[in-house]
Amino acid sequence: MRLVLLGAPGGGKGTQAKKLIDKYGIPQISTGDILRAAVAAGTPLGKEAKSYMDKGELVPDSVVIGLVKERIAQDDCKKGYILDGFPRNTAQAEALDKVLVGMGAPLDTALLIDVDKDVLMKRLTGRRTCRNCQQMYNIYFSPPKKEGVCDKCGGELFQRDDDKEETIRRRLDVYDAQTSPLINYYKERRILNSVQGVGNIDEIFKNVCAILESKS
Ligand code: AMP
């Protein structure tokens, strides 16, 4: 199964992707995670990406397209993969299509996880991550037992630089302007499906699986 998860930042793509990995045994390819790892490791790529990420802007297409091309050519992607956070604009979607046609393995489904803007703001501004084990919390929806402390490992919780309010507004604007046109892009290619991304995570996952199973 070759799947693209579409939807605004904070809409739950990463959460659903993690559940899909467990169920279908295919990897998640999150360009955001790859870029954050490069930033944390202080590589040249990370240094270039950080300035864009901290402002809520997109990292240049050439950088992310190269990363994804390399990743989907790896052995563990032979059975399929879940793209999370890529493509982010039409140029990336076209580049992806071109690579996949070349591999003889086009996308099966683009799945939109649909969430209202006000919910997104709370999800994003409320997000806290453990410095030690990367466990995520939300101070509004799923707070830790003790403020600022990870339930799992006792690590310190922090707010990602790109989860600050001003950056979030910019990320949502960038989504509207550059990423949301992909909804039509995949509709025209007849592979778009959508689920409501608000409510219980397991219920949303059930709906996600029902769609994917109806395709296979
Ligand atoms: P995410 O965790 O997917 O919301 O990504 C966090 C940040 O990484 C974004 O705000 C962008 O700055 C950058 N990023 C992630 N994926 C892409 C992509 N496909 N194209 C350009 N920038 C990206």
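Below or above, wherever it landed, is the structure these notes cover. Within any chain, residue numbers begin from 1 and follow the written order of that chain's sequence. For this predicted model, a pLDDT threshold of at least 70 governs which residues receive local features, and a threshold of 80 or more governs which side-chain atom pairs are given and counted, while totals over whole chains, interfaces and linings are taken from all residues. Calculated side-chain values reflect all of the structure's heavy atoms, with hydrogen atoms and water omitted.

1. Describing the site of the ligand
Okay, step 1: Lining the immediate environment of the ligand, one finds 16 residues, of which T31, R36, E57, Q92 and R171 sit closest.
Okay, step 2: Interatomic distance of 3.0 Å between a backbone N/O atom of V59 and a nitrogen atom of the ligand.
Okay, step 3: Methods summary: accessible areas were calculated by the Shrake-Rupley approach with a probe of 1.4 Å, and residue burial reflects only the protein chains presented. Relative to its free-state accessible area of 470 Å², the ligand is covered by the protein chains to the extent of 95%.
Okay, step 4: Only DSSP runs of H or I covering at least 4 residues are called helices, and only runs of E covering at least 2 are called strands; the numbering of each starts at the N terminus. Element by element, the count of residues in the shell around the ligand is highest for helix 2 (residues 31-41), at four residues.
Okay, step 5: Residue classes follow a fixed rule: Ala, Val, Leu, Ile, Met, Phe, Trp, Tyr, Cys and Pro count as nonpolar, while Asp, Glu, Lys and Arg count as charged, and any other residue, Gly among them, counts as polar. Of the residues that constitute the shell around the ligand, the class distribution is six nonpolar, four polar and six charged. Throughout, the term near means that a residue has one or more heavy atoms lying within 4 Å of the molecule or strand in question. Counting of polar contacts relies on pairs of N or O atoms within 3.5 Å, with two restrictions inside protein: one atom must be capable of donating a hydrogen and the other of accepting it, and residues adjacent in sequence are counted only when both atoms are side-chain atoms.

2. Remarks on the nonpolar core
Okay, step 1: For the purposes of this section, nonpolar cores are sets of buried Ala, Val, Leu, Ile, Met, Phe, Trp, Tyr and Cys residues that join through side-chain atoms within 4.5 Å. Note on classification: 1.4 Å probe, protein chains only; a residue is buried when its accessible area is under 20% of the maximum for its type, exposed when over 50%, partly exposed between these limits. Judged by nonpolar contacts, the single largest core of 36 residues is most densely connected at V4, L83, L96 and Y186.
Okay, step 2: The contact definition used throughout considers only heavy atoms, calling two residues in contact when any of these lie within 4.5 Å. Residues within four places of Y186 in sequence aside, it is in contact with V4, L6, P87, A93, L96, L107, A110, I191 and L192.
Okay, step 3: Ranked by size, the runner-up nonpolar core spans 15 residues in total, among them L5, L111, C209 and L212.

3. What to know about the pairing of strand 5 (residues 127-130)
Okay, step 1: At least two bridges found by DSSP between two strands is the condition for calling them paired. Note that strand 5 and strand 6 (residues 136-138) share three bridges and pair antiparallel. The residue bridging R127 from the neighbouring strand is N138, located in strand 6.
Okay, step 2: If you look at the hairpin formed by strand 5 and strand 6, you'll find five residues sitting between the two strands, and Q134 has a positive phi there, around 70°.

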